[in-house]
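A closer look at the structure
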Amino acid sequence: MPLLLLDLDNTLVDRDAAFRLAAADFLAEHGLPASDLTWLMATDAGGYTARDELAAAMTGRYGDAVPATAVRTLLDTGAADRVRLAHSSRQALVNAQTDGWTCVIVTNGRTVQQETKIRNTGLDRLVQGWVISEAVGHKKPAPEIFQAAATAVGAPLRGAWVIGDSPHADIAGADALGLRSVWVTDGRPWTHGSCHPTHTAHDVASAINHAIGTRP
Ligand SMILES: [Mg+2]
């Protein structure tokens, strides 16, 4: 069975939209200016800023106005509690399975947080497995995490597609293994000279439907 290796954050789910909702609630709850949302989103950098670093920046900015536990709760569960799976993405995953593809989520992040997102959205019932960098000890673009995904479902990596929004983690990761890839652009131009995705798509549903359409 051919493999689809799918990124989670900002590919299958709109992690930034979920974090934005959580951050807005956080600011309102603590009587902080709503305009701080811009600073918070920029400092979070799409989740790429280390949690400890972001917590320290928030403590530096808000001091005693906000308890450290509230900051931790926002960073640990804020996005995970609010992520949603779009109907089109759900349908594309169903199509993939119907067509005989094996779907595995390959995500960088912490196990508890990523598994919460996977279960809260019902993705656990739509994919055949998942690998999380904290659990496997390797982060994308390292080849080991993609190999772990194939091993998790007992399928060969050869012939797999990688689908994701990150040029570095997803597309360069696929390229290094000689795998085909779809870059989910969300309207962004490709500006990375060292490698290229096999295909680009505006959203994940289009990306999945493209990949599964290539099977003879
Ligand atoms: Mg991503």
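Please refer to the structure higher up on the page.
Residues numbered from 1 in each chain as written. Predicted model: local features only at pLDDT ≥ 70, side-chain atom pairs only at ≥ 80, totals over all residues. Heavy atoms only, no water.

Read across the open sheet, the 6 strands follow the order 3-2-1-4-5-6; overall the sheet is parallel. The open sheet has two edge strands, strand 3 (129-132) and strand 6 (199-201), and neither has a second partner. Direction aside, neighbouring strands of the sheet carry axes that sit 20° apart on average. In terms of strand pairing, strand 2 (residues 102-107) meets strand 3 through 4 bridges, oriented parallel. Bridging from a neighbouring strand, threonine 107 pairs with isoleucine 132 of strand 3. Helix 10 (residues 204-212) contacts strand 1 (3-6), strand 4 (161-164), strand 5 (180-184) and strand 6 of the sheet and is inclined by roughly 170° relative to strand 4. (Pairing = 2+ DSSP bridges. Helix = DSSP H or I, 4+ residues; strand = E, 2+ residues; numbered from the N terminus. Axes fitted to C-alpha atoms, helices over the stretch in contact; angles between N-to-C directions. Contact = heavy atoms within 4.5 Å.)

Looking at the magnesium ion, the protein donor atoms are Asp7 (OD), Asp9 (O) and Asp165 (OD), and they sit 2.0 to 2.2 Å from it. Read from N- to C-terminus, the donor residues coordinating the magnesium ion fall into the pattern D-x1-D-x155-D. Residue class for aspartate 9 comes out buried when judged on its relative accessible area of 16%. (Donors = N, O, S within 2.8 Å, 3.2 Å for Na, K, Ca; no water. Buried < 20%, exposed > 50% of the residue type's maximum accessible area, 1.4 Å probe, protein only.)

This structure, assessed with the given rule, holds 3 aromatic pairs. Note on phenylalanine 26 and tyrosine 62: the rings are 6.5 Å apart at their centroids and 55° apart in plane angle, and the pair reads as tilted. Taken together, the residues phenylalanine 26 in helix 1 (residues 15-29) and tyrosine 62 in helix 3 (residues 51-62) connect sequence positions 36 residues apart. For tyrosine 62, a relative accessible area of 9% translates into the label buried. One aromatic cluster in this structure is built from Phe26, Trp39 and Tyr62. Its end group placed over the ring of tryptophan 39, arginine 61 keeps NZ or CZ at 4.3 Å from the ring centre. (Phe/Tyr/Trp six-rings, centres within 6.5 Å; stacked < 30°, edge-to-face > 60°. Lys NZ or Arg CZ within 6 Å of the ring centre and 35° of its normal.)

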